[in-house]
Amino acid sequence: MRIRLVATTAVAAGALTALSAVPAQAAEYNSALKIRGIQYDAPGSDSNRCSGGNTAQEYLTIKNYSRSTTVNLKGYVAKDAAGNKFTFTASHTLQPGDYVKLRGGNGTDSDTKNVVYRDNCNFIWNNDKDTIYVYKPSGSRADVHSYTRSGSDADRNGYITYHG
């Protein structure tokens, strides 16, 4: 009896160790919206000037992976590890399979062109590493991914794909 108890305790401890080693971004969240990809490093030299800068070339793509549910982005939040965030304050609907590119800089939001601008000319995503969080209007997490330039971007083009 004692041998079984020791073996069971060792297996349980091993399982807990394995669970605690899983990174946060490996968790799957119950959400139709997921991060499809990120252009975390805008092509060219970074310039966050509102006129002539390239912050609009930095973007986060969020996709509705549902087969049947339309999602309104109003109230969703995208943010980075440092707490820089963007809240979707206007209605922007994503049909099943549809996506939106959340771009830096200023521009005109468009459902037909699948784009929303942050209306902020500062870059939000770090070029070396960062964590991307997407939160539902309820405050629960919809998706999260971390990246490093050296570990996540094999071709070093500044773009990483998640969820395909």
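In case you missed it, the structure is sitting above this.
Residues numbered from 1 in each chain as written. Predicted model: local features only at pLDDT ≥ 70, side-chain atom pairs only at ≥ 80, totals over all residues. Heavy atoms only, no water.

A. Quick look at the side chain of Asp-130. With respect to the element layout, Asp-130 can be found in strand 9 (residues 129–135). Buried charged residue Asp-130 carries no salt bridge. Nearest counter-charge: Lys-129, at 9.4 Å. For Asp-130, the side chain forms a polar contact with the main-chain nitrogen of Asn-126, separated by 3.1 Å. In this structure, Asp-130 is in contact with Asp-80, Ala-81, Ile-124, Trp-125, His-145, Ser-146 and Tyr-147, ignoring residues within four places of it in sequence. (Helix = DSSP H or I, 4+ residues; strand = E, 2+ residues; numbered from the N terminus. Buried < 20%, exposed > 50% of the residue type's maximum accessible area, 1.4 Å probe, protein only. Lys, Arg positive; Asp, Glu negative; His and termini not counted. Salt bridge = Lys/Arg side-chain N within 4 Å of Asp/Glu carboxyl O. Polar contact = N/O pair within 3.5 Å; in protein donor to acceptor, adjacent residues only side chain to side chain. Contact = heavy atoms within 4.5 Å.)

B. Structural view of the state of the cysteines. Enumeration over the complete set of coordinates arrives at one disulfide. Note on cysteine connectivity: Cys-50 is disulfide-linked to Cys-121, with sulfurs 2.1 Å apart. Here the disulfide of Cys-50 and Cys-121 is right-handed, its torsion about the S-S bond being about 120 degrees. You can see Cys-50 sitting in the loop between strand 1 (33–39) and strand 2 (59–64) and its partner Cys-121 sitting in the loop between strand 8 (115–117) and strand 9, a full 71 residues away along the chain. (Disulfide = S-S within 2.5 Å.)

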